[in-house]
Amino acid sequence: MLFRSASDLERINTSLERRGIRFAVQTYPPIRHSMHNEAANTPLRAFARSHPEVALLDTHEHLVARFERAPNLGEEFYSEDPRDFHLGALGYGLVARQVYDELLAKGWLGQK
């Protein structure tokens, strides 16, 4: 879900809380060739830190740690088109595994 401000996140969280729905925020992955995306990720992290009931899925940090150990800074995890900054199948596979593992560890999966 796209947000424009911290107040958007507050409204989303309030609406979900009223309905008994858990809220997780996920950071944006690192931008190809630069590894940065802090302008978008800083408010997400700050919001999650100030709301302990909100799960933070820090995809950016997870992938940066992985890419720093990979040849070519994880280039193989991005789209085949070098002009495209999106992740490719391998990159999205890492994201899916990270989200699954973190939500499982929090007890959010397999529970009604």
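Because the structure is predicted, anything quoted here is derived from the model rather than measured. (Residues numbered from 1 in each chain as written. Predicted model: local features only at pLDDT ≥ 70, side-chain atom pairs only at ≥ 80, totals over all residues. Heavy atoms only, no water.)

Colleague: Could you give me a rundown of the side chain of R32, with the residues and numbers involved?
Modeller: On the secondary structure map, R32 appears in the loop between strand 1 (24-26) and helix 2 (38-50). A polar atom in the side chain of R32 sits 2.6 Å from the side chain of E75. In this structure the side chain of R32 is engaged in a polar contact, spanning 2.4 Å, whose partner is the backbone oxygen of D84. With near-sequence residues (within four places) excluded, R32 lies in contact with E75, Y78, S79, D81, P82, D84 and F85. (Helix = DSSP H or I, 4+ residues; strand = E, 2+ residues; numbered from the N terminus. Polar contact = N/O pair within 3.5 Å; in protein donor to acceptor, adjacent residues only side chain to side chain. Contact = heavy atoms within 4.5 Å.)

Colleague: I'd like a description of the environment of E10, backed by residues and values.
Modeller: Within the secondary structure layout, E10 lies in helix 1 (residues 6-18). Measuring from C-alpha to C-alpha, the distance between E10 and G20 comes to 15 Å, with 10 residues separating the pair along the chain. Excluding residues within four positions of it along the chain, E10 makes contact with F47 and H51. Reaching out from E10, the side chain makes a polar contact with the side chain of H51 at a distance of 3.1 Å.

Colleague: Tell me about helix 2, and name the residues and values.
Modeller: For helix 2, with 13 residues, the first-to-last C-alpha span of 18 Å sits near the 18 Å given by 1.5 Å per residue. All of the buried residues along helix 2 are N41, L44, R45, F47 and A48. Angular distribution of buried residues about the axis of helix 2 spans 160°; they occupy a single face of the element. What points out from helix 2, more than 90 degrees from its buried face, is the exposed set A39 and R49. Turning to helix 2, the residues buried within the fold contact helix 1, strand 1, strand 2 (55-57) and helix 3 (59-68). (Expected span 1.5 Å × (residues − 1). Buried < 20%, exposed > 50% of the residue type's maximum accessible area, 1.4 Å probe, protein only. Arc of directions from axis to C-beta.)

Colleague: Tell me about the nonpolar core, and name the residues and values.
Modeller: Grouped burial of nonpolar side chains is what soluble globular proteins tend to show. Formed by L9, I12, L16, F23, V25, L44, F47, A48 and V54, the largest nonpolar core amounts to 9 residues. Secondary structure elements with two or more residues in this core: helix 1 and helix 2. In contact with F23, other than residues within four places in its own chain, are L9, I12, N13, L16, F47, E53, V54, A55 and W108. Ranked by size, the runner-up nonpolar core spans 8 residues in total, among them L63, F67, L87 and V95. (Core = buried A, V, L, I, M, F, W, Y, C linked by side-chain atoms within 4.5 Å.)

Colleague: Quick one: what's the story with the packing of aromatic side chains, residue by residue and with numbers?
Modeller: Within the structure shown, the criterion is met by 3 aromatic pairs. Ring plane angle 15° and centroid distance 5.2 Å describe the contact between F67 and F77, whose orientation is recorded as stacked. One end of the pair, F67, is in helix 3; the other, F77, is in the loop between helix 3 and helix 4 (89-105), with 10 residues separating them in the sequence. Residue F77 is classed as buried on the basis of its relative accessible area of 9%. Here the aromatic residues F67, F77 and Y78 are joined through ring pairs into a cluster of three or more. (Phe/Tyr/Trp six-rings, centres within 6.5 Å; stacked < 30°, edge-to-face > 60°.)

Colleague: Outline the pattern of salt bridges, listing residues and values.
Modeller: Using the criterion set out here, one finds 7 salt bridges in the structure. Close ionic contact of E75 with R32 constitutes a salt bridge, the shortest N to O distance being 2.6 Å. In this pair, E75 sits in the loop between helix 3 and helix 4 while R32 sits in the loop between strand 1 and helix 2, placing the two residues 43 residues apart along the sequence. By relative accessible area, which is 26% here, E75 ends up partly exposed. Exposure remark for R32: the relative accessible area of 2% places this residue in the buried category. For D101, the salt bridge is made with R97, and the minimal N-O distance between the two is 3.2 Å. (Salt bridge = Lys/Arg side-chain N within 4 Å of Asp/Glu carboxyl O.)

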